[in-house]
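# Overview (structure and organization)
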Amino acid sequence: MLPYFVDCAERAERLRRDGADIVLVTGCELSLFARGYLPGDTFNDRIPVLAGPGREAALKGIPDLVNAFLAEVVTAVRPVFGGPVSYASCPLDGVDWSLFDIVGLDAFRGLRNAATYRNDLRKEFAHGKPVAITEVGCCTFRGAGDYGGSGWYVAMEPDGVTPKADLVRDESEQVRYLDDLLPIFEEEGVDSLFWFSFAGYGTPHRSSGPDPDLASYGVVKILDEKSGVPASARTYPDLPWEPKEVFHTLAERYQAVGQQHTTEQHPQ
């Protein structure tokens, strides 16, 4: 991956020199998505390890391995890219943030970490650097907020393709999840927030029968010829997606924050 990150840094630097305000994010949850940290050749092979009896043994030493590679990455991209550098981390990574300019957290909340969520977030400010929430969100079924980042896994049958039959579609679940967490991020001083994700392109919406979009974190539902939604009934007839409730909620919240900051910077 190292040459890939250098190539990304070169492209990011061209954008930066053209005037873009840009941050280079050097990867995402490497302990899960890259080979060599957890047992298993593929992501789907590695996920069951986290719930199995060998979990503790599998996690041992992962932060040392991740940080050793991230040190190589940062050393390689710094001479190429002149802007701030970050990384999108999961709790397994145990990142040494002295390497980076911005702390990047994939900060999903579920029942497992709800009691300690705010305190865990607060600890990340001890590094004295801006904290960005690089991923947060939940799926589109009732109760998905309880599972946070593992909602997609909970929603699917063992084949990894078919959504479970007992799930109830509930777009308001995503709105409730967002509204619960935004005050925490504001009060704790989070610098930037990114909802995961814009769309679940591999989980299109179905109006009847099993609906793969239930396992999607997207703020929009992907529509295709099997979705049963004619172009005339779409918000944007020329686009292959339809906004969910959280799409509009996120836009409203961000607009309010933008107006507040504008007022603060340019008081009447």
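The paragraphs below set out a description of the structure included in this document. Just so it is clear, the structure is predicted and the values come from calculations on it, not from any experiment. (Residues numbered from 1 in each chain as written. Predicted model: local features only at pLDDT ≥ 70, side-chain atom pairs only at ≥ 80, totals over all residues. Heavy atoms only, no water.)

## Section: the overall build of the chain
The line we're drawing: Each helix is a run of H or I in the DSSP string that is no shorter than four residues. Each strand is a run of E no shorter than two, and both are numbered from the N terminus. Radius of gyration here is computed from C-alpha atoms only, and the compact-globule reference equals 2.2 Å multiplied by the residue count raised to the power 0.38. Three exposure classes are used, based on accessible area relative to the maximum for each residue type with a 1.4 Å probe and protein chains only: buried under 20%, partly exposed in between, and exposed over 50%. What makes two residues a contact is simply this: any of their non-hydrogen atoms within 4.5 Å. Shrake-Rupley sampling with a 1.4 Å probe provides the accessible areas, and residues are treated as covered by the protein chains on show and by no other component. Counted as positive: Lys and Arg. Counted as negative: Asp and Glu, with His and the chain ends omitted from the count. Here the site of a charge means atom NZ of a Lys, CZ of an Arg, CG of an Asp or CD of a Glu.
Each helix and strand counted, the chain has nine helices and seven strands in total. Here the C-alpha radius of gyration of the chain, 20 Å, is about what a compact globule of 268 residues would show, namely 18 Å. Taken along its principal axes, the extent of the C-alpha atoms in the chain is 60 × 50 × 40 Å. In the chain, which comprises 268 residues, the share counted as buried stands at 44%. For the chain, restricting intrachain contacts to residue pairs at least 6 apart in sequence, the fraction spanning at least 24 positions comes to 62%. Surface accessibility of the chain: about 14400 Å² in total, with carbon and sulfur atoms responsible for 55%. Considering the chain, the positive charge centre built from 25 side chains and the negative charge centre built from 40 side chains are found 2 Å apart.

## Quick look at the pattern of salt bridges
Our working rule: Think of a salt bridge as a Lys or Arg side-chain nitrogen and an Asp or Glu carboxyl oxygen that are within 4 Å of each other.
Scanning the entire structure with this criterion turns up 20 salt bridges. Close ionic contact of R169 with D213 constitutes a salt bridge, the shortest N to O distance being 2.9 Å. Linking R169 in the loop between helix 7 (151-155) and helix 8 (172-188) with D213 in the loop between strand 5 (192-195) and strand 6 (220-222), this pair joins segments that are 44 residues apart in sequence. Judged by relative accessible area, which is 26%, R169 ranks as partly exposed. Two residues, D170 and R176, come together in a salt bridge whose shortest N-O distance is 2.7 Å. The structure contains a network of salt bridges with shared partners spanning R169, E171, D211, D213, K221 and K244.

## Comments concerning unusual backbone geometry
A cis geometry characterises the amide bond from F196 onward to S197, with omega recorded as 10°. Tracing the chain through its elements places S197 in the loop between strand 5 and strand 6. Here E29, not a glycine, exhibits a phi torsion of approximately 45°, which is positive. Among the structural elements, E29 can be located in the loop between strand 1 (24-28) and helix 2 (30-33). The class for E29 is buried, based on a relative accessible area of 8%.

## A look at the sheet that holds strand 4 (residues 131-136)
Where we set the bar: One bridge is not enough; two strands pair if DSSP finds at least two bridges between them. Axis angles are defined between N-to-C directions and span 0 to 180 degrees, where every axis is a line fitted to C-alpha atoms and, for a helix, only to the segment in contact.
Strand order in the open sheet made by the three strands is 3-4-5, with parallel pairing throughout. With one partner strand each, in any of the chains shown, strand 3 (103-106) and strand 5 form the two edges of the open sheet. Along the sheet, successive strands turn relative to each other by an average axial angle of 15°, direction set aside. Pairing analysis gives three bridges linking strand 4 to strand 5, with the strands arranged parallel. The residue bridging A132 from the neighbouring strand is S192, located in strand 5. Sitting on the sheet, helix 8 touches strand 4 and strand 5, and the angle it makes with strand 5 is about 170°.

## A closer look at helix 5 (residues 62-77)
For clarity, the threshold we go by: Each helix should span, by expectation, one fewer than its residue count multiplied by 1.5 Å.
The end-to-end C-alpha separation of helix 5 is 22 Å, in line with the 22 Å expected for 16 residues at 1.5 Å each. Residues of helix 5 that are buried: I62, V66, N67, F69, L70, V73, V74 and V77. Here the buried face of helix 5 lies against helix 1 (2-17), strand 1, helix 2, helix 4 (55-59) and strand 2 (85-88).

## Digging into the packing of helix 1 against helix 5
A pair of packed helices is captured by two measures, namely the crossing angle of their axes and the spacing between those axes. Selection criterion: In a left-handed crossing the near helix is turned counterclockwise from the far helix by less than a right angle, and in a right-handed crossing that turn is clockwise. Note on residue classes: Ala, Val, Leu, Ile, Met, Phe, Trp, Tyr, Cys and Pro are nonpolar, Asp, Glu, Lys and Arg are charged, and everything else, Gly too, is polar.
Direction vectors running N to C along helix 1 and helix 5 enclose 35°, while the axes themselves pass 9 Å from each other. Considering the relative orientation of helix 1 and helix 5, their crossing is right-handed. For the pair formed by helix 1 and helix 5, the contact residues are L2, F5, V6 and A9 on the first element and F69, E72, V73, A76 and V77 on the second. Considered class by class, the residues forming the contact of helix 1 with helix 5 number eight nonpolar, no polar and one charged.

In short, shape yes, function no, at least from these values alone.
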